[in-house]
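Reading the structure
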Amino acid sequence: MKNKILSCLLFGTFVSVSIIAHAQTKAKNKQAPDAKIDAIVKKLTLEEKIAMLHANGIFSTAGVERLGIPGLMTDDGPLGVREDVKEGWGSANLTTDSATFFPNGSALAATWNPELAYRFGHDMGEEARARKKYIILAPAFNIARTPLCGRTYEYYSEDPFLNSRLAVQAVKGIQSQNIAACVKHYAANNQEIERGRVNVEVDERTLREIYLPAFKASITEGNAWTIMSAYNKIRGVYCSENDYLLNKVLKGEWKFKGIVISDWGGTHSTVKAANNGLDLEMGSGPKYDNYFFAKKLLDSVKAGKVSQKVIDEKVHRILWVMYHTSMSTNPPAGKMNTPAHSKTVYDVAAESVVLLKNDKNLLPLKTGSIKSIAVIGDNATHTFHLGGFGAGVKAKYEVTPLAGLQNRLGKSIDIKFAQGYSGVYRQHGKSINEPTKPADSAMVAAAVSLAKTTDMAILFIGGNRDYESEGSDRKDLSLPFGEQVLADAVTAANPNTIVVVVGGAPYDISKIKQNNHTIVWSWYNGSENGNALADVLTGKINPSGKLPFTFPAELKDSPAHALGNYPGENLQVNYKEGILVGYRWFDTKKIEPLYCFGYGLSYTDYNYSGLQTAKKSYKTGETILTTLKVKNAGKYAGKETVQLYVSKEGSSVERPEKELKAFKKVMIAAGQTAAVTLSIPVQDLAYYDVKTSKWVVEPGKYKLAAGTSSRGIKQSTTITVN
Ligand code: BGC
């Protein structure tokens, strides 16, 4: 009934169901009825409005009972729709909130597949709708400025273009279910150390070219209905009260019509935040009446420090989002844990796995001749749906790598397991195990004995979701828990050792690269993790994942570390590397990484030829059309991601050596050749000119380079912009 009253207010009058359905289809394609929303705003008392602008529960806000306006219901987050929690964050212990565990953000990014990002969003949106969570606090895509950031696993990439293409599709997918995406964390939340106090000094060009593009694209192309302000300050001002970020850029330039939601506990003022663009204060209670946007806001309005107009605009935004979500007419039916959701998770996981090294062609496994496999390492049986500090999912199920191998090979191959090391890192939120603790010699000895008895060993090492976590950064890149000692011992015991490293961010695997012939990179890969990984190892799936960030040979090679600008001093961090983030730095400074951005092998070889552009010279406003041929020269069908980088020759401003401007993932049958078309709007060649505050396309020559990774360039050509 409640919903009906608001529907009535929004849509005019009670009408028959079929007319509503018809009107709704039309309304969906139109702007929300601003005039009708204004009429509702007029009916609300100031107290009722203020109650809508702050949390009244960990994930909820108050509605207005007498008008049938429901409260907002939000929920995390990037790994799937999180379980219900009580005040204090403990589990609500329901039996109805088990959900699909989706692969982590950097896994999704490693697929380089925007279609999968859409399905990912769509299915998560469907689960959010089934659980009546109308705002899902995802996707999260802050730039991987340092590989140490505790949330690198949640985020996508070091590259703003890859970030943008995936974020837009994830948003569209979620919102196709009339569930609001909440893109986060706006902006420059690139480290967890002191995230609630640190001030980021970043120059305007860098902000515009590196840290804002995916937010901009999510709003202007993806049409995201909500956004979360970050915990940190930018240029001395908290993001939740930052007039420049919120009023000028987001609501002004990008014409954002939705809600700016604070990060949980990330609000620091009443008048400043209210006037500078924050719409909704969230946090983890329990004294919700003491919130900056509760009684203090009411008093500030009464004292004339915040105008009624400002309050009305915020309420308008909230009702506008409700119009699209909880109050949308004839919304799609929500669904939980469906086979289609499992298939999406499987597809993302399967396309995310990165083959780093296969020197002896041990992969795909020759299953016909292998009689026994020693599966070694805690990560073969560790689950990743929960862990650490921050959002997880109460997974309906999660297939571990060991279970996946048993499912696929258990009938024909003798699979034995040894744990090798303990990956226990935290319990009840506290660290209980130093990652630098030496290897457990008894566990290593047991693993070695087992490895000596089998045809081959598959060793699972890497991080886990306790070790990589929100709220803290890793201290260094080294493999934790004595894993290197274990790897050395197992490799010495069995010459046919395959190393699978599981993680959401770069690790120092230089010694593994040096000593081991077969290396696979995998992620916190969701409910279907083990099945997808086993299918990659056995060749049912040809690996097609590509690294979404650079693996430095040493931490000090990474830009923020090279310049000593991490984690900052006296709560100040200067982004002195400017636009040279990730491969932009490594390539421009000619520093050899361990593995470069975009890297990933396949069981087949791809030959590139014939890169051409439709024309040789272009004007602003036009689109550069490139074509090339990619031949699958091997025996396995596979998917290749063709990457197109652009360099400006003789630029008048600093430019990175090259920048990703287009990519496409194509399926190519063995022996076949695909004609691949990639287009780049000339406008995308622009740099941000701080003098005029405009994007400027410089005339002159540009080099276009197509390759299989940022350093695996196979073909290049030049064009001129007039
Ligand atoms: C995180 C957000 C998350 C929120 C609610 C915060 O600590 O930064 O990403 O959505 O908590 O769980």
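Heads up: these notes are all about the structure in this document. (Residues numbered from 1 in each chain as written. Predicted model: local features only at pLDDT ≥ 70, side-chain atom pairs only at ≥ 80, totals over all residues. Heavy atoms only, no water.)

**A few points about empty space enclosed by the protein**
Applying the stated criterion to the full structure yields four cavities of 30 Å³ or more. Taken as a whole, the largest cavity encloses approximately 100 Å³ of empty space. For the lining of the largest cavity, a count of residues per class yields six nonpolar, five polar and two charged. The volume enclosed by the second largest cavity comes to roughly 80 Å³. When residues in the lining of the second largest cavity are grouped by element, the largest group, three residues, is from helix α6 (residues 114-130). Broken down by class, the residue content of the lining of the second largest cavity amounts to ten nonpolar, two polar and one charged. (1 Å grid on protein atoms, 1.4 Å probe; cavity = no way out; pocket = protein on both sides within 12 Å on 5 of 7 lines; lining within 4 Å. Points joined across faces, edges and corners; volume = space filled by probe spheres on them. Nonpolar A, V, L, I, M, F, W, Y, C, P; charged D, E, K, R; others polar. Helix = DSSP H or I, 4+ residues; strand = E, 2+ residues; numbered from the N terminus.)

**Remarks on the packing of aromatic side chains**
Summed over all chains, the structure comprises 30 aromatic pairs. Pairing Trp 112 with Phe 597 gives two aromatic rings, centres 5.3 Å apart and planes at 50 degrees, and the pair type is tilted. On the criterion of sequence distance, the pair formed by Trp 112 in the loop between α5 (105-111) and α6 and Phe 597 in the loop between α21 (583-588) and β18 (606-613) is long-range, its members being 485 residues apart. With a centroid separation of 4.9 Å and an interplanar angle of 50 degrees, the aromatic rings of Phe 384 and Tyr 524 are classed as tilted. Taken as a pair, Phe 384 in the loop between β10 (372-376) and α15 (401-409) and Tyr 524 in the loop between β16 (518-522) and α19 (529-538) lie far apart in primary sequence, 140 residues in all. Considered together, Phe 384 and Tyr 524 belong to a single accessibility category, that of buried residues. By way of ring pairs, the aromatic residues Tyr 421, Tyr 425, Tyr 467, Phe 481, Tyr 507, Trp 521, Trp 523, Phe 549, Phe 551, Tyr 595 and Tyr 599 are connected into one cluster. The ring of Tyr 575 is capped by Arg 145, whose NZ or CZ atom sits 3.9 Å from the centre of that ring. Here Lys 615 stacks its cationic end above the ring of Tyr 618, 5.0 Å away from the centre of that ring. (Phe/Tyr/Trp six-rings, centres within 6.5 Å; stacked < 30°, edge-to-face > 60°. Buried < 20%, exposed > 50% of the residue type's maximum accessible area, 1.4 Å probe, protein only. Lys NZ or Arg CZ within 6 Å of the ring centre and 35° of its normal.)

**Observations concerning the sheet that holds β18**
What the three strands build is an open sheet, ordered β18-β20-β23; its pairing is antiparallel. Whereas interior strands pair on both sides, the edge strands pair on one side only; in this sheet they are β18 and β23 (673-681). Geometrically, the sheet is characterised by an average inter-axis angle of 25 degrees between neighbouring strands, direction not taken into account. Here strand β20 (residues 623-632) runs beside β23; their pairing, made up of nine bridges, is antiparallel. Directly across from Lys 629, in β23, lies its bridge partner Ala 675. (Pairing = 2+ DSSP bridges. Axes fitted to C-alpha atoms, helices over the stretch in contact; angles between N-to-C directions.)

**Things to note about the packing of helix α7 (residues 160-175) against helix α9 (residues 213-220)**
Close contact between α7 and α9 brings their axes to 8 Å; oriented N to C, the two are set at 30 degrees. Between α7 and α9, the angle is such that the two are roughly parallel. Between α7 and α9 the crossing geometry is right-handed. Across the interface between the two elements, Pro 160, Asn 163, Ser 164, Arg 165, Ala 167, Val 168 and Val 171 of α7 pack against Pro 213, Ala 214, Ala 217 and Ser 218 of α9. Of the residues in the contact of α7 with α9, the class split is seven nonpolar, three polar and one charged. (Parallel < 35°, antiparallel > 145°, perpendicular 65-115°, else oblique. Left-handed = near helix turned anticlockwise from the far one by under 90°. Contact = heavy atoms within 4.5 Å.)

Purely geometric stuff here, so don't read any function into it on its own.
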